[in-house]
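The residues making up each chain are set out below.
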Amino acid sequence: MTAMTVLFSTDVGLMSLAVIVVTLGMGAFYLRYFLKHMREDSARAAAEAAQARR
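Here is what the cut-offs are and how they apply
Numbering of residues starts from 1 in every chain and runs along the sequence as written. At least 70 in pLDDT is required for a residue's local features to be given in this predicted model, at least 80 for side-chain atom pairs to be given and counted, and no such filter applies to totals for whole chains, interfaces and linings, which use all residues. Only heavy atoms go into the side-chain values, all of them from the structure, while hydrogens and water stay out. The helix and strand labels rest on DSSP assignments: H or I over at least four residues marks a helix, E over at least two residues marks a strand, and numbering proceeds from the N terminus. Between the two quantities, the radius of gyration covers C-alpha atoms and the globule rule is 2.2 Å times the number of residues to the power 0.38. For the exposure calls, accessible area comes from a 1.4 Å probe over protein chains only, and a residue counts as buried if that area is under 20% of its type's maximum, exposed if over 50%, partly exposed in between. Here the open area of atoms and residues is found with the Shrake-Rupley method and a 1.4 Å probe, where only the protein chains shown may cover a residue. Patches here: salt-bridge-free residues with over 30% relative accessible area, like charges joined within 9 Å, nonpolar side chains (Val, Leu, Ile, Met, Phe, Trp, Tyr) joined within 5 Å. Salt bridges, as used here, are contacts in which a Lys or Arg side-chain nitrogen is within 4 Å of a carboxyl oxygen on Asp or Glu. Axis angles are defined between N-to-C directions and span 0 to 180 degrees, where every axis is a line fitted to C-alpha atoms and, for a helix, only to the segment in contact. Relative orientations are named as follows: roughly parallel for angles under 35 degrees, roughly antiparallel for angles over 145 degrees, roughly perpendicular for angles from 65 to 115 degrees, and oblique for any other angle. Contacts were defined at the residue level, with two residues in contact if any of their heavy atoms lie within 4.5 Å. Residue classes follow a fixed rule: Ala, Val, Leu, Ile, Met, Phe, Trp, Tyr, Cys and Pro count as nonpolar, while Asp, Glu, Lys and Arg count as charged, and any other residue, Gly among them, counts as polar. UniProt positions are given in the numbering used here, feature names are shortened, and annotations may be inferred rather than shown by experiment. The rule is short: rings of Phe, Tyr and Trp, with Trp giving its six-membered ring, pair when the centres are within 6.5 Å, and they are stacked under 30 degrees, edge-to-face over 60, tilted in between.

Trainee: Quick question: what am I supposed to make of the overall build of the protein here?
Mentor: For the protein, the count of helices and strands is two helices and zero strands. Expected size for 54 residues packed as a compact globule is a radius of gyration near 10 Å; at 22 Å, the protein overshoots this value by more than 25%. The dimensions of the protein, computed from C-alpha atoms along their principal axes, are 70 × 15 × 5 Å. Of all 54 residues assigned to the protein, the portion counted as buried reaches 4%. Counting every atom, the protein has about 4900 Å² of accessible surface; 70% of that belongs to carbon and sulfur.

Structural data, given as structure tokens:
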């Protein structure tokens, strides 16, 4: 319980919390970004393969 008090009440704890939140936010952004581009690339490759078969 002392760790939670330090995390939310001291300047060092609040900066640590800010770093944790920013890091998780960046992770979520990059995950979404990479998955979106992977889907787009696979759709483009499938379309090109279908075009090549004709």
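Trainee: I tried to follow a nonpolar patch on the surface on my own but got confused; where do I start?
Mentor: There is a patch of nonpolar side chains on the surface, built from Val-22, Met-26, Phe-29, Tyr-30, Leu-31, Tyr-33, Phe-34, Leu-35 and Met-38 and spanning about 900 Å² of accessible area. By secondary structure assignment, the location of Tyr-33 is in helix 2 (residues 11-53).

Trainee: For this particular structure, what's the right way to read the packing of helix 1 (residues 2-9) against helix 2?
Mentor: Two measures define how a pair of helices packs: the angle their axes make with one another and the distance between the axes. One way to put it is that helix 1 packs onto helix 2 with a least axis distance of 5 Å and a crossing angle of 85 degrees. Here helix 1 is positioned roughly perpendicular relative to helix 2, judged by the angle of their axes. From helix 1, Val-6, Leu-7, Phe-8 and Ser-9 reach across to helix 2, where they touch Asp-11, Gly-13, Leu-14, Ser-16 and Leu-17. Looking at the contact of helix 1 with helix 2 residue by residue, the classes come out as five nonpolar, three polar and one charged.

Trainee: Help me understand the UniProt feature "transmembrane region" (unreviewed entry) in the protein in this model?
Mentor: In this numbering, the UniProt entry assigns the feature "transmembrane region" (unreviewed entry) to residues 12-35. Across residues 12-35 one finds 100% helix and 0% strand; the C-alpha atoms that close the span lie 35 Å apart.

Trainee: Can you walk me through the packing of aromatic side chains in this structure?
Mentor: We describe a pair of aromatic rings using the distance from one ring centre to the other and the angle between the two ring planes. Applying the stated criterion across every chain yields a total of four aromatic pairs. Pairing Tyr-30 with Phe-34 gives two aromatic rings, centres 5.7 Å apart and planes at 25 degrees, and the pair type is stacked. Of this pair, Tyr-30 and Phe-34 both sit in helix 2, four residues apart, which is roughly one turn of the helix. Since its relative accessible area comes to 41%, Tyr-30 is described here as partly exposed. Classification of Phe-34 by relative accessible area gives partly exposed; the value is 47%. In this structure an aromatic cluster arises from ring pairing among Phe-29, Tyr-30, Tyr-33 and Phe-34.

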